[in-house]
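# Breakdown of the fold
Chain by chain, the residues run as shown.
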Amino acid sequence: QVQLVESGGGVVQPGGSLRLSCVASEFTFRHYGMHWVRQAPGRGLEWVAVISDDGSHKYYADSVKGRFTISRDNSMDTLDLQMNSLRPEDTAMYYCAKTWDSSGFSVADPWGQGTLVIVSS
Amino acid sequence: DIQLTQSPSTLSASVGDRVTITCRASQSISSWLAWYQQKPGKAPNLLIYKASSLQSGVPSRFSGSGSGTEFTLTISSLQPDDFATYFCRQYNSDSSWTFGQGTKVEIK
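None of these values were measured; they are calculated from a predicted model.

This paragraph deals with the pairing of strand 3 (residues 18-25) of chain A. Residues and elements named next belong to chain A. With burial as the criterion, only one face of strand 3 is covered, namely that bearing Leu18, Leu20, Cys22 and Ala24; the residues Arg19, Ser21, Val23 and Ser25 on the opposite face remain uncovered. Bridge analysis of strand 1 (residues 3-7) against strand 3 gives five bridges, and the strand direction is antiparallel. Note that in strand 3 the partner of Leu4 across the bridge is Ala24. When strand 3 meets strand 8 (residues 78-83), the two strands line up antiparallel, connected through six bridges. Counted as the bridge partner of Leu20 is Leu81 from strand 8.

With that settled, consider the packing of aromatic side chains. The tally for this structure, following the rule as stated, stands at 11 aromatic pairs over all chains. Where Trp47 of chain A meets Trp97 of chain B, the ring centres are 4.8 Å apart and the plane angle is 55°; that geometry is what we call tilted. Of this pair, Trp47 of chain A sits in strand 5 (residues 45-51) while Trp97 of chain B is found in the loop between strand 9 (85-90) and strand 10 (98-99), placing the two residues in two different chains. When sorted by exposure, Trp47 of chain A lands in the same class as Trp97 of chain B, which is buried. Every member of this aromatic cluster is reached through a ring pair, and the members are Trp47, Tyr59 and Phe105 of chain A together with Trp97 of chain B. Sitting over the ring of Phe29 of chain A, Arg72 of chain A keeps its end group 4.2 Å from the ring centre. Positioned above the aromatic ring of Tyr32 of chain A, the side-chain terminus of Lys98 of chain A is 3.9 Å from the ring centre.

Before going further, it helps to examine the side chain of Ser96 of chain B. Tracing the chain through its elements places Ser96 of chain B in the loop between strand 9 and strand 10. A relative accessible area of 9% means that Ser96 of chain B is categorised as buried. Setting aside its immediate chain neighbours within four residues, Ser96 of chain B contacts Trp47 of chain A together with Asp1 and Gln90 of chain B.

Let us now look at the interface of chain B and chain A. Listed per partner, the contact involves 19 residues of chain B and 21 residues of chain A. Carbon and sulfur atoms supply 65% of the area buried between chain B and chain A, which totals about 1600 Å² over both sides. For the side of chain B that touches chain A, the elements supplying multiple residues, two or more each, are strand 4 (33-38), strand 5 (45-49) and strand 9 of chain B.

Before going further, it helps to examine the environment of Arg89 of chain B. The topology assignment puts Arg89 of chain B in strand 9. Relative accessible area serves as the criterion here: at 1%, Arg89 of chain B is assigned to the buried category. Sequence-wise, Arg89 of chain B and Tyr36 of chain B are 53 residues apart; in three dimensions their C-alpha atoms are separated by 7.9 Å. Discounting residues that sit within four places of it in the chain, Arg89 of chain B has contacts with His35, Ser106, Val107 and Ala108 of chain A together with Leu4, Trp32, Leu33, Ala34, Tyr36, Trp97, Thr98 and Phe99 of chain B. Here Ser106 of chain A takes part through its backbone oxygen, which lies 3.5 Å from a polar atom of the side chain of Arg89 of chain B.

About the criteria used
- Residues numbered from 1 in each chain as written.
- Chains lettered and ligands numbered in written order.
- Predicted model: local features only at pLDDT ≥ 70, side-chain atom pairs only at ≥ 80, totals over all residues.
- Heavy atoms only, no water.
- Buried < 20%, exposed > 50% of the residue type's maximum accessible area, 1.4 Å probe, protein only.
- Helix = DSSP H or I, 4+ residues; strand = E, 2+ residues; numbered from the N terminus.
- Pairing = 2+ DSSP bridges.
- Phe/Tyr/Trp six-rings, centres within 6.5 Å; stacked < 30°, edge-to-face > 60°.
- Lys NZ or Arg CZ within 6 Å of the ring centre and 35° of its normal.
- Contact = heavy atoms within 4.5 Å.
- Buried area = accessible area lost by both parts, 1.4 Å probe.
- Polar contact = N/O pair within 3.5 Å; in protein donor to acceptor, adjacent residues only side chain to side chain.

What follows is the structure, given as structure tokens:
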């Protein structure tokens, strides 16, 4: 059964940085696009970024463009999200999700259980 | 960017009721729409993909329909385990993905 385990969340001051990781198992990671999606407390879901299977294509939500960087290491089956210049509005649970194809332009399922990021002074 | 508008935002219903949730897209997304269920403290769980295809393992009381700009999720007979929040998500765009704002199904 596909497993996705996020880590790296925590409390950070505004303007700070944080790096999230998602370790994948029980599927051939290098064959699938991957997403990061976030959910602010008590709010809806917001797509953050997507990366293709080989890392050659990356897309970002306007709200994080220029501040966040998605990357992957197919030798280690890991997906990362480098978050810089963090703002209070970036406070959220961050989920990684597997897509059903190599490009990332498809259904996102399943999802990990998430890692919580709190941006506060 | 494509916007998705879900309605209603909250729905009060009883066990056994037939429940319908609507998701409208700001432009045509063909059938590239998925529905997710989310329970408190848990990650979203896929119910329906490509507007009407039932994900493996999901009870048959869930169904999806629609194409273009208007879509519906129907629960034919609401069960206690179905009280949750439901989100639609489009994957028509090749550079951005959006979710509906969610519909919370509450016990009446």
